[in-house]
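# Reading the structure
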Amino acid sequence: MGPRRMDAAFSLGHRFAHLARGCASSSMAQTQGSVRQELSSLFGSAMASAFPGVEVTPYVAQTNDAKFGDYQCNNAMALFGKLKGKEGAPKNPRLVAEAIVSALPASPLIASTSLAGPGFINVVLSRDWLAARLQGLLTEGVASWAPAGYAGRRVVVDFSSPNVAKEMHVGHLRSTILGDCIARTLEYCGADVLRLNHIGDWGTQFGMLIQYMAEKRPGGLQASTEEDVADLQVLYRAAKQRFDEDEAFKTRSREAVTELQGGREEYLEAWRRICDASRREFQKIYDRLGVRLQERGESFYNPRLRETVDALVEQGVAVESEGAKCVFFPKRDVPLIVQKSDGGFGYASTDMAALWQRLHEENADWIIYITDVGQANHFAMVFEAGERAGYLPKDRTVRIDHVGFGLVMGEDGKKFKSRSGDTVRLVELLDEAKDRCRATIRERRPDIDEEELEAATCAMGYGAVKYADLKNNRLTNYRFSYDEMLNMQGDTAVYLLYAHARIAAIIRKSGRDVVDLANSASIALADPREVALAIQIARFSEAVDDLLADLSPNRLTSYLYDLSGVFNQFYTECQVIGSDHEDSRLLLCEATAVIMRQCFSLLGITALYRI
Ligand code: ARG
């Protein structure tokens, strides 16, 4: 089966707002939507009943200042503009706001509303409702706090995707960390996620490698064993040098690719050996980082390439140009080359075949690709070509995103290199992060046993690397600095792991069983610090929703960092153990800890209880 001709064009990369509200509800009985989602739906119905027939998306946000309330609905001003000139339209935005407020359905969420400025509607949440919400977190579990709208969606996340026989570099590390976080978040929200490792395991480099192996070894290819590809970097470099220097070798290498792709058995054998060796290397990194991936490399799509390209040509989407088959775009200078002039298929051909396969065989309704921003144009062209070729199924709304990210730079702001000037090997990078943590932990806990030390070191070292990556706006380049990422005071995993362990220590010190307590005592919110903490805790679902809306994990890291700040203020001013409010405040501590752990889990960081 190959791509088929389809008529309708679909817009790509659009948000599925209408689906996010409606379609997923059947399979997600346990989730309840974030506070913002619930308020949005209340204001949505208020606006629909106050101004029937007017299209409007509810715009609800947290207030900047608690003295105005907890949340705000900001629709009145824009709505006023829309209504202007219509019969019976309100005379000013404030009147629009008043009409919305009087149409608000009764709800246990809202304690009161007030108007401010030209037409802002401020909302104070009911403290009892908020307390009950937090209680629910403790009695029902954090799964019940996943934002609504994602359950049951079939999502392909294409990430990590290093290239066989080449170095898995920091760029792939970024893709791995970002992709894992996005996949974890989608899984938490009940999506059906396919984590794909689209490794570069097919292409011209194999001709060069195989030819080099065949010529270098006295007994030819058959004589080689697993050992011969043990150090792929060395093999790759040597073969590449020969390839660049020796024209005749270059030609033989090209022939070797053709033979490999044609299925010559001993070549396939060698290819498999090379892939196996790379796979073992990649797996070491994934194991350390706790990342799960399903390998489906470029070679998987090989049998589909010809059909894919033929169909594109038949549809007139691809045309012949200087012997190659290309898709041209009116607003771009470069075409997408789906078949090279020598008849070979490349990266783009594979991505076209993969796009079709994911949409029609995997039934994806959301596909996410995670690579450096340098590939943004490539993906924009692939998506547009897919749209033109009618790949997108008519019966489903599909969202497709390329999640680009910037470069990782060294501390000097230049290309990230090791001290010896070579590219940094990821294993060494992770080792160094770990080693640096080891001493700190031992210093603080001289009695720690080896096993616990090792676990804490991994959690902290790998956690620090992941967090430092995730907390940046993914599009900007970031400086890789061990000192910064391991700083105990700043916005780092180390600081947050300590913050969590401190809360765990408070709970231990109380000697109470907080799980029992959650079922026997109730949370009461009186002090403004308690309220502020409760609101911040409840905002978790919004942070998750924000992360998925722009596929930016930094939305969650900044939420987590803020949470620890709000907790600190609460803890500095509100006595917990030994106070009259001990039960309720212990439950607030526990709710904070539960949410921190859930954030860690979505970020791929292992929580520590004692450090
Ligand atoms: N192997 C590619 C690289 O290292 C990344 C592949 C991304 N996925 C894709 N479907 N093109 O740049």
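The structure displayed is predicted, hence computed values, not measured ones.

## Here's the deal with the overall build of the protein
The helix and strand tally for the protein stands at 22 helices and 14 strands. In terms of overall dimensions, the protein is globule-like: its C-alpha atoms have a radius of gyration of 28 Å, near the 25 Å expected for 611 residues. Dimensions along the principal axes, computed over C-alpha positions, put the protein at roughly 85 × 75 × 40 Å. Here the protein holds 611 residues, and the buried ones make up 55% of them. For the protein, the accessible area works out to roughly 26,600 Å², and carbon and sulfur atoms hold 49% of it. Here the protein contributes 72 positively and 82 negatively charged side chains, and the mean placements of these two sets differ by 3 Å.

## Structural notes on the UniProt feature "domain: DALR anticodon binding" (unreviewed entry) in the protein
In the numbering used here, UniProt assigns the "domain: DALR anticodon binding" (unreviewed entry) feature to residues 496-611. From the first C-alpha to the last, residues 496-611 spans 12 Å; its make-up is 74% helix and 0% strand.

## Considering helix α10 (residues 265-289)
For α10, with 25 residues, the first-to-last C-alpha span of 36 Å sits near the 36 Å given by 1.5 Å per residue. Immediately downstream of α10, the backbone of G290 shows phi near 70°, a positive value.

## A few points about the side chain of N75
Structurally, the position occupied by N75 is in the loop between β2 (71-73) and α3 (76-83). If near-sequence neighbours (up to four positions away) are discounted, N75 is found in contact with M47, V56, T57, P58 and Y59.

## Things to note about the pattern of salt bridges
Applying the stated criterion across every chain, the model contains 46 salt bridges. Across the salt bridge formed by R358 and D158, the nearest N and O atoms sit 2.9 Å from each other. Highlighted residues: R358 in helix α12 (residues 347-360) and D158 in strand β5 (residues 154-158), separated in sequence by 200 residues. D158 carries the same exposure label as R358, and that label is buried. The shortest N-O distance in the salt bridge between D550 and R555 comes to 2.6 Å. Using a relative accessible area of 30% as the deciding quantity, one classes D550 as partly exposed. By sharing partners, the salt bridges in this structure join R36, D545, D546, D550 and R555 into a single network.

## So, the packing of aromatic side chains
One pass over the structure, following the stated rule, counts 14 aromatic pairs. Between F379 and F383, the aromatic rings sit 6.0 Å apart at their centres with planes inclined by 40°, giving tilted as the arrangement. Here F379 and its partner F383 are both found in helix α13 (residues 376-388), 4 residues apart, which amounts to about one turn of the helix. In this structure F383 comes out as buried when scored by relative accessible area, which is 9%. Taken together, Y188, F540 and Y559 form an aromatic cluster joined through their ring pairs. Between R296 and the ring centre of F300, over which it is positioned, the NZ or CZ distance is 4.9 Å. The ring of F329 has R332 sitting right over it, with the charged end atom 6.0 Å from the ring centre.

## With respect to helix α11 (residues 305-314)
Among all positions in α11, only L305, T308, V309, A311 and L312 are buried. Down the axis, α11 shows its buried residues gathered within 160° of arc, on one side only. The inward-facing, buried residues of α11 contact β9 (324-327), β10 (336-339) and α12. Of the residues trailing α11, G316 is marked for its positive phi of about 80°.

## Here's the deal with the confidence of the model for the protein
Across the protein, the average pLDDT comes to 91, with 93% of residues at 70 or higher. Note that residues 1-30 has pLDDT below 50 and, in this model, 68 contacts with residues that lie over four places away or in other chains.

## Section: unusual backbone geometry
Residues other than glycine predominantly adopt negative phi, and peptide bonds predominantly adopt the trans conformation. Its identity as a non-glycine residue notwithstanding, N363 has a phi of 50°, on the positive side. Relative to the helices and strands, N363 is located in the loop between α12 and β11 (366-372). N363 gets classed as partly exposed once you look at its relative accessible area, which sits at 41%. At L551, a residue that is not glycine, the phi angle is positive and equals roughly 50°.

## Structural notes on the sheet that holds strand β4 (residues 120-125)
Taking strand neighbours across the sheet as the criterion, the 4 strands line up as β1-β2-β4-β3 in an open arrangement whose pairing is antiparallel. Of all the strands in the sheet, the pair left with one neighbour each is β1 (60-62) and β3 (110-116). Across the sheet, the axes of successive neighbouring strands diverge by a mean angle of 30°, strand direction being ignored. Relative to β4, β3 runs antiparallel, the two being bridged by 6 bridges. Bridge pairing links S112 to V124 in β4.

## Things to note about the site of the ligand
Every residue lining the ligand is accounted for by D158, S161, N163, H172, H198, Y347, D351, Y369, T371, Q375 and F379. Contact distances for the ligand include 2.8 Å between an oxygen atom and a side-chain N or O atom of Q375. With the chains in place, 91% of the 350 Å² that the ligand exposes on its own is no longer accessible. Grouping the constituent residues of the shell around the ligand by class yields 3 nonpolar, 6 polar and 2 charged.

## What to know about empty space enclosed by the protein
Scanning the model with the defined rule gives 2 cavities of 30 Å³ or more in all. Looking at the largest cavity, the residues that line it are T176, I177, D180, L289, V291, K466 and L603. It is helix α6 (residues 170-188) that provides the largest number of residues to the lining of the largest cavity, a total of 3 residues.

## Observations concerning the packing of helix α7 (residues 204-216) against helix α9 (residues 247-261)
Where α7 contacts α9, the two axes come as close as 7 Å, and the packing angle between them is 110°. The angle between α7 and α9 places the two elements in the roughly perpendicular class. Of the residues in α9, those touching α7 at T204, F206, G207, M208, I210, Q211, Y212 and E215 are F249, R252, S253, A256, V257 and L260.

## Points about the packing of helix α14 (residues 426-444) against helix α15 (residues 450-470)
Across the interface, α14 lies against α15 with an axial gap of 8 Å and an inter-helix angle of 125°. Between α14 and α15, the angle is such that the two are oblique. Here α14 and α15 pass one another in a crossing that is right-handed. On the side of α14, the interface is formed by L429, L430, A433, K434, C437, R438, I441 and R442, while α15 contributes E450, L453, E454, A456, T457, C458, M460, G461, Y462 and V465. Here the residues of the contact of α14 with α15 are counted per class, giving 11 nonpolar, 2 polar and 5 charged.

Rules used in this analysis
- Residues numbered from 1 in each chain as written.
- Predicted model: local features only at pLDDT ≥ 70, side-chain atom pairs only at ≥ 80, totals over all residues.
- Heavy atoms only, no water.
- Helix = DSSP H or I, 4+ residues; strand = E, 2+ residues; numbered from the N terminus.
- Rg over C-alpha atoms; globule rule 2.2 N^0.38 Å.
- Buried < 20%, exposed > 50% of the residue type's maximum accessible area, 1.4 Å probe, protein only.
- Areas by Shrake-Rupley, 256 points an atom, 1.4 Å probe, with all protein chains shown as cover.
- Lys, Arg positive; Asp, Glu negative; His and termini not counted.
- Charge placed at Lys NZ, Arg CZ, Asp CG, Glu CD.
- UniProt positions renumbered as here; feature names shortened; annotations may be inferred.
- Expected span 1.5 Å × (residues − 1).
- Contact = heavy atoms within 4.5 Å.
- Salt bridge = Lys/Arg side-chain N within 4 Å of Asp/Glu carboxyl O.
- Phe/Tyr/Trp six-rings, centres within 6.5 Å; stacked < 30°, edge-to-face > 60°.
- Lys NZ or Arg CZ within 6 Å of the ring centre and 35° of its normal.
- Arc of directions from axis to C-beta.
- pLDDT = per-residue confidence, 0-100.
- Pairing = 2+ DSSP bridges.
- Axes fitted to C-alpha atoms, helices over the stretch in contact; angles between N-to-C directions.
- Near = heavy atom within 4 Å.
- Polar contact = N/O pair within 3.5 Å; in protein donor to acceptor, adjacent residues only side chain to side chain.
- Nonpolar A, V, L, I, M, F, W, Y, C, P; charged D, E, K, R; others polar.
- 1 Å grid on protein atoms, 1.4 Å probe; cavity = no way out; pocket = protein on both sides within 12 Å on 5 of 7 lines; lining within 4 Å.
- Points joined across faces, edges and corners; volume = space filled by probe spheres on them.
- Parallel < 35°, antiparallel > 145°, perpendicular 65-115°, else oblique.
- Left-handed = near helix turned anticlockwise from the far one by under 90°.

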